[in-house]
Amino acid sequence: MQKERIRVLDCTLRDGGYLNDWRFGADNIANTVKMLADGNMDIVEIGFMREQPADADRAVWNNFAALERFIPQDRPNTEFAVMCEVFNPFPQEKIPPRSQTPVDIIRVIVWRQRQDDALKYCKALVKKGYKVSIQPDRVNQYSLAEFQALVKKFAAIHPWAIYIVDSNGFLNQRELLGYLRAADACLPRTICLGYHGHNNLLQAIGTAERFCELELERDILLDASVAGIGRSSGNLNLELIAEFLNANYGKQYDIRKIAWVYDAVLKPIEQKTRWGYSFGTFLTSAAKTNPNYAAYLQDEFQLNNTDMAGVLEYLSETDRVIFSKAAAAECVKEYKKNYGGDKE
């Protein structure tokens, strides 16, 4: 595959923000964006668009003018993106035409039960001139046929990209490539195909590399974050995929710029909170449960992994999807009543 057809989107500020309430600090936001742009990153995602009080120290924006000062004017090789959510939609009336803002790309999280709302929302963004990226939440909830139906439905509004999003890191490489191939088979070649992975099963880098090697006849997008920062087991590591593409596809991502972001911005966060693969997050993935249960069960109830595996089996189908402290507590109680916890 030609190097021009592979593009990396950095989601450090947006996905990493789940760990610190997006409170990176204004200087860190500006420096992160500048360093990644200077380092030849294809796309930098600056954060969420949400109806929340203005705060320049958070990578959450309540108007497009507020984030413009964080986007470098001299940016020949980099585009800039923001994320919107259909379940909590940023008002269309507050989104200017693309010609009036330096934002190039708007990504939209699509919930299965809100597909029709998402279609209308995204269609309006396309009309405003944005490159619109469709991000269907939790691809594992769709059969391959259902996912193809979703892809065809959204392809009709001519988005820029449609993604395979493994929101909770449930899927192995074979399963992920199945969704990629299913989408590729029915998606017009003019629409990009993207992959957003999580590392609960340590599948992100291998799947991203294999995605490149498929030699699809379309542009592909790979989401990644510095040091893999993100919820639970985190995301595809930007430094890993950047080095792979430099070595194998002639890309010229500056690894030193990525290292600077880790040292100056993320290392202080890492000293206060954790992310990355763990046995606990593996267990949540194997049990097809929300990964937030891993840290909660360990921190609140001091469960070892043996007992955590048992507790997770008690969760209802609904509670497996939506994290609930109350459900976790009830399952711990039920598990201990039946088994008394790990005796060894």
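Here goes a summary of the coordinates provided. Keep in mind the model is a prediction, meaning the values are calculated, not measured.

With respect to the packing of aromatic side chains
For step 1, the next point in the chain: The tally for this structure, following the rule as stated, stands at 16 aromatic pairs.
For step 2, the next point in the chain: Look at Trp22 and Phe48: their rings are 5.6 Å apart centre to centre, the planes differ by 85°, and that puts the pair in the edge-to-face class. Here the residue Trp22 occupies a position in the loop between helix H1 (12-15) and helix H2 (26-38), and Phe48 occupies one in strand E2 (residues 43-49), the gap between them amounting to 26 residues.
For step 3, the next point in the chain: Relative to Tyr335, the ring of Tyr314 lies with its centre 6.2 Å away and its plane at 80°, an arrangement referred to as edge-to-face. Taken together, the residues span a long stretch of sequence, with Tyr314 in the loop between helix H12 (305-312) and helix H13 (317-321) and Tyr335 in helix H14 (residues 325-339) at a distance of 21 residues.

Some thoughts on a nonpolar patch on the surface
For step 1, the next point in the chain: A cluster of nonpolar side chains, contributed by Leu202, Tyr277 and Phe279, occupies part of the molecular surface with about 310 Å² of accessible area.
For step 2, the next point in the chain: Here Phe279 is to be found in helix H10 (residues 279-286).

What to know about the pairing of strand E5 (residues 105-110)
Within a regular strand, side chains alternate between the sheet's two faces.
For step 1, the next point in the chain: Across the 6 residues that make up E5, a large majority, 6, are buried.
For step 2, the next point in the chain: Of the two faces of E5, both are covered, the one formed by Ile105, Arg107 and Ile109 as well as the one formed by Ile106, Val108 and Val110.
For step 3, the next point in the chain: Pairing analysis gives 5 bridges linking strand E4 (residues 79-85) to E5, with the strands arranged parallel. Bridged to Val82 within E5 is Ile106.
For step 4, the next point in the chain: As judged from the 6 bridges shared by E5 and strand E6 (residues 131-136), these two strands associate in the parallel manner. Its bridge partner lying in E6, Val110 is registered against Pro136.
For step 5, the next point in the chain: In this fold, E5 hands off to helix H4 (residues 115-127), which returns the chain to E6; that crossover is right-handed.

A look at helix H9 (residues 255-270)
For step 1, the next point in the chain: Here H9 spans only 20 Å end to end across 16 residues, well under the 22 Å set by a 1.5 Å rise per residue.
For step 2, the next point in the chain: Where H9 bends most, at Asp263, the angle is about 40°.
For step 3, the next point in the chain: Along H9, the residues classified as buried are Ile258, Val261, Val265, Leu266 and Ile269.
For step 4, the next point in the chain: In this structure, the buried residues of H9 make contact with H1, H2 and helix H8 (238-249).
For step 5, the next point in the chain: Measuring from the side-chain oxygen of the N-cap residue of H9 to the backbone nitrogen of Arg256 gives 3.0 Å; that N-cap residue is Asp254.

Examining the pattern of salt bridges
For step 1, the next point in the chain: Throughout the structure, instances matching the rule amount to 25 salt bridges.
For step 2, the next point in the chain: Taking the shortest distance from any N to any O, the salt bridge between Glu45 and Arg14 comes out at 3.1 Å. With Glu45 in strand E2 and Arg14 in helix H1, this pair connects stretches of sequence that are 31 residues apart.
For step 3, the next point in the chain: Exposure remark for Arg14: the relative accessible area of 5% places this residue in the buried category.
For step 4, the next point in the chain: As a salt-bridge pair, Asp184 and Arg189 come within 2.9 Å of each other at their nearest N and O atoms.
For step 5, the next point in the chain: One network of salt bridges, in which partners are shared, links Arg14, Asp15, Glu45, Arg107 and Asp223.

Notes on the packing of H10 against helix H11 (residues 292-301)
For step 1, the next point in the chain: Running from N to C, H10 and H11 cross one another at 130°; their axes reach a closest spacing of 8 Å. Taken together, the axis directions place H10 and H11 in an arrangement best described as oblique. Seen from above, H10 lies across H11 with right-handed handedness. Where H10 abuts H11, its residues Gly280, Thr281 and Thr284 lie against Tyr293, Ala294 and Gln298.
For step 2, the next point in the chain: The class makeup of the residues in the contact of H10 with H11 is 2 nonpolar, 4 polar and no charged.

Comments concerning the environment of Met41
For step 1, the next point in the chain: Structurally, Met41 is set in the loop between H2 and E2.
For step 2, the next point in the chain: Considered as a pair, Met41 and Thr289 are 248 residues apart in the sequence and their alpha carbons are 33 Å apart.
For step 3, the next point in the chain: What Met41 contacts, discounting residues up to four positions off in sequence, is Val8, Asp10, Leu36, Asn77, Thr78, Leu238 and Tyr253.

Things to note about the environment of Asn28
For step 1, the next point in the chain: With respect to the helices, strands and loops of the structure, Asn28 is situated in helix H2.
For step 2, the next point in the chain: Separated by 255 residues in the primary sequence, Asn28 and Leu283 have C-alpha atoms spaced 34 Å apart.
For step 3, the next point in the chain: Engagement of the side chain of Asn28 in a polar contact is seen with the backbone oxygen of Phe24, the distance being 2.9 Å.

About the thresholds
- Residues numbered from 1 in each chain as written.
- Predicted model: local features only at pLDDT ≥ 70, side-chain atom pairs only at ≥ 80, totals over all residues.
- Heavy atoms only, no water.
- Phe/Tyr/Trp six-rings, centres within 6.5 Å; stacked < 30°, edge-to-face > 60°.
- Helix = DSSP H or I, 4+ residues; strand = E, 2+ residues; numbered from the N terminus.
- Patch = residues over 30% accessible without salt bridge, like charges linked within 9 Å, V, L, I, M, F, W, Y side chains within 5 Å.
- Areas by Shrake-Rupley, 256 points an atom, 1.4 Å probe, with all protein chains shown as cover.
- Salt bridge = Lys/Arg side-chain N within 4 Å of Asp/Glu carboxyl O.
- Buried < 20%, exposed > 50% of the residue type's maximum accessible area, 1.4 Å probe, protein only.
- Pairing = 2+ DSSP bridges.
- Right-handed = clockwise from strand over helix to strand, strands pointing away.
- Expected span 1.5 Å × (residues − 1).
- Bend = angle between axes of the 7 residues up to and from the residue.
- Contact = heavy atoms within 4.5 Å.
- Polar contact = N/O pair within 3.5 Å; in protein donor to acceptor, adjacent residues only side chain to side chain.
- Axes fitted to C-alpha atoms, helices over the stretch in contact; angles between N-to-C directions.
- Parallel < 35°, antiparallel > 145°, perpendicular 65-115°, else oblique.
- Left-handed = near helix turned anticlockwise from the far one by under 90°.
- Nonpolar A, V, L, I, M, F, W, Y, C, P; charged D, E, K, R; others polar.

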